[in-house]
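These are the residues of each chain, in order.
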Amino acid sequence: MRPYRVSDDRFEEPGKSIRPTHSVVRGPGDDPSRPDEELTGRRAEWFQTYAKQRNVFAPLDGGPYSCPCCGHTTLGERGGYEICGECGWEDDGQDDHDSTTVRGGPNGRLSLDAARSRYVANGGIRRTHTPPDKPT
C-alpha cells in the first residue's frame, strides 16, 4: 500500500497509528518548566470560562450594527467575530455589560473600555453605540 500524507513533511503507512510529532506550542508568557499536560489543562480551563461569558448576538439580516468599541456602523452582524474597519475591534460579543473585563480572546489583553480609550487617544471619534439586544 502507498503511504499517505499526514502533514506537509510526514507520511505514514496505512494501518499504523499516527503519533503526534510536536509538543504543545508555547507562547512567550508560558513557563517552559511546566509540562505540556498542565498547559493544555490551563488552556482548556480558560476556554471553558471564555465560552460561558454572556455575549451580544444579532443576525446578518438585521444589520448593519454599530461597533461596541467605536460606535461606527460597520458590523454586518453582532458576535460573529467580524473586525471593525474603523477601529480594528474584533466583535466577540463583548459589550457594555462587561466592558471592563479583559476576556483574553481575539482582542488580547484589552478590555472593551481600554480599546475605546485607545481609539480616542489615537484620534478616533466615538459615536453613540446602542447594543442591538441584551447579552445571552
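Reference entry: report on the structure contained in this document. Numbering of residues starts from 1 in each chain and follows the order in which that chain's sequence is written. Residue-level local features of this predicted model are given only where pLDDT is at least 70; pairs of side-chain atoms are given and counted only at 80 or more, and the full residue set underlies all totals for whole chains, interfaces and linings. The basis for the side-chain values is all heavy atoms of the structure; hydrogens and waters are excluded.

Section: the packing of aromatic side chains
Turning to step 1, where the next piece is worked out: Only Phe, Tyr and Trp rings are paired, with Trp represented by its six-membered ring, and only when their centres lie within 6.5 Å; those with planes under 30 degrees apart are stacked, over 60 edge-to-face, the remainder tilted. Here the structure, examined in full by the defined rule, presents one aromatic pair.
Turning to step 2, where the next piece is worked out: Taking 5.0 Å as the distance between ring centres and 20° as the angle between the ring planes, the aromatic pair formed by Trp46 and Tyr50 counts as stacked. Taken together, the residues span about one helical turn, with Trp46 and Tyr50 both in helix H1 (residues 36–51) at a distance of four residues.
Turning to step 3, where the next piece is worked out: The class of Trp46 is partly exposed, set by a relative accessible area of 38%. A run of H or I in DSSP counts as a helix once it spans at least four residues, and a run of E counts as a strand once it spans at least two, with each numbered from the N terminus. A 1.4 Å probe rolled over the protein chains alone gives each residue an accessible area, and that area as a share of the maximum for its type sets the label: buried under 20%, exposed over 50%, partly exposed in between.

Side note on the state of the cysteines
Turning to step 1, where the next piece is worked out: The definition used for a disulfide is geometric: two cysteine sulfur atoms within 2.5 Å. One pass over the full model with this rule turns up zero disulfides.
Turning to step 2, where the next piece is worked out: Free cysteine Cys84: the closest other cysteine sulfur is in Cys70, separated by 3.6 Å.
Turning to step 3, where the next piece is worked out: Just so you know, Cys87 is unpaired, no disulfide at all, and the nearest cysteine sulfur is the one on Cys67, 3.6 Å from it.

Quick look at the nonpolar core
Turning to step 1, where the next piece is worked out: The definition of a nonpolar core used throughout is a set of buried Ala, Val, Leu, Ile, Met, Phe, Trp, Tyr and Cys residues joined through side-chain atoms within 4.5 Å. Membership of the largest hydrophobic core is limited to 11 residues, which are Ala58, Tyr65, Cys67, Cys69, Cys70, Leu75, Cys84, Trp89, Leu112, Ala115 and Tyr119.
Turning to step 2, where the next piece is worked out: Counting residues per element, this core draws most heavily on helix H2 (residues 112–121), at three residues.
Turning to step 3, where the next piece is worked out: Residue contacts follow a heavy-atom distance rule, with two residues in contact if any of their heavy atoms lie within 4.5 Å. Those residues in contact with Cys70 that sit more than four places away from it in its chain are Cys84, Glu86, Cys87, Tyr119, Ile125, Arg126 and Arg127.

Considering the environment of Gln53
Turning to step 1, where the next piece is worked out: Within the secondary structure, Gln53 sits in the loop between H1 and strand E3 (65–66).
Turning to step 2, where the next piece is worked out: Setting aside anything within four residues of it in sequence, one finds Gln53 in contact with Asp98, Thr101, Arg103 and Thr136.

Remarks on the side chain of Asp91
Turning to step 1, where the next piece is worked out: Mapped onto the elements, Asp91 comes out in the loop between strand E4 (73–75) and H2.
Turning to step 2, where the next piece is worked out: On the basis of relative accessibility, which here comes to 0%, the residue Asp91 falls in the buried class.
Turning to step 3, where the next piece is worked out: Within polar-contact distance, the side chain of Asp91 engages the backbone nitrogen of Gly79 at 2.6 Å.
Turning to step 4, where the next piece is worked out: With near-sequence residues (within four places) excluded, Asp91 lies in contact with Pro68, Leu75, Glu77, Arg78, Gly79, Gly80, Tyr81 and Glu82. By the criterion applied in these results, polar contacts are pairs of N or O atoms within 3.5 Å in which, for protein atoms, one can donate a hydrogen and the other can accept it, and in which residues neighboring in sequence qualify only through two side-chain atoms.

A few points about the side chain of Ser111
Turning to step 1, where the next piece is worked out: Relative to the assigned elements, Ser111 resides in the loop between E4 and H2.
Turning to step 2, where the next piece is worked out: The exposure class of Ser111 is buried, given its relative accessible area of 8%.
Turning to step 3, where the next piece is worked out: Among the polar contacts made by the side chain of Ser111, one reaches the main-chain amide nitrogen of Ala114 at a distance of 3.0 Å.

Focus: the pattern of salt bridges
Turning to step 1, where the next piece is worked out: A carboxyl oxygen of Asp or Glu within 4 Å of a side-chain nitrogen of Lys or Arg is what we treat as a salt bridge. The full count for this structure, using the stated rule, is nine salt bridges.
Turning to step 2, where the next piece is worked out: Between Asp30 and Arg43 there is a salt bridge, with its nearest N and O atoms 2.6 Å apart. One end of the pair, Asp30, is in the loop between strand E2 (10–12) and H1; the other, Arg43, is in helix H1, with 13 residues separating them in the sequence.
Turning to step 3, where the next piece is worked out: Judged by relative accessible area, Arg43 falls into the partly exposed class, the value being 34%.
Turning to step 4, where the next piece is worked out: In this structure, Arg116 engages Asp96 in a salt bridge whose closest nitrogen and oxygen atoms are separated by 2.6 Å. In this pair, Arg116 is assigned in helix H2 and Asp96 in the loop between E4 and H2, connecting sequence segments 20 residues apart.
Turning to step 5, where the next piece is worked out: With a relative accessible area of 9%, Arg116 lands in the buried category.
Turning to step 6, where the next piece is worked out: A residue is classified by how much of its surface remains accessible, and Asp96, at 40% relative accessible area, is partly exposed.
Turning to step 7, where the next piece is worked out: Taken together, the shared-partner salt bridges in this structure form one network comprising Arg78, Asp91 and Asp95.

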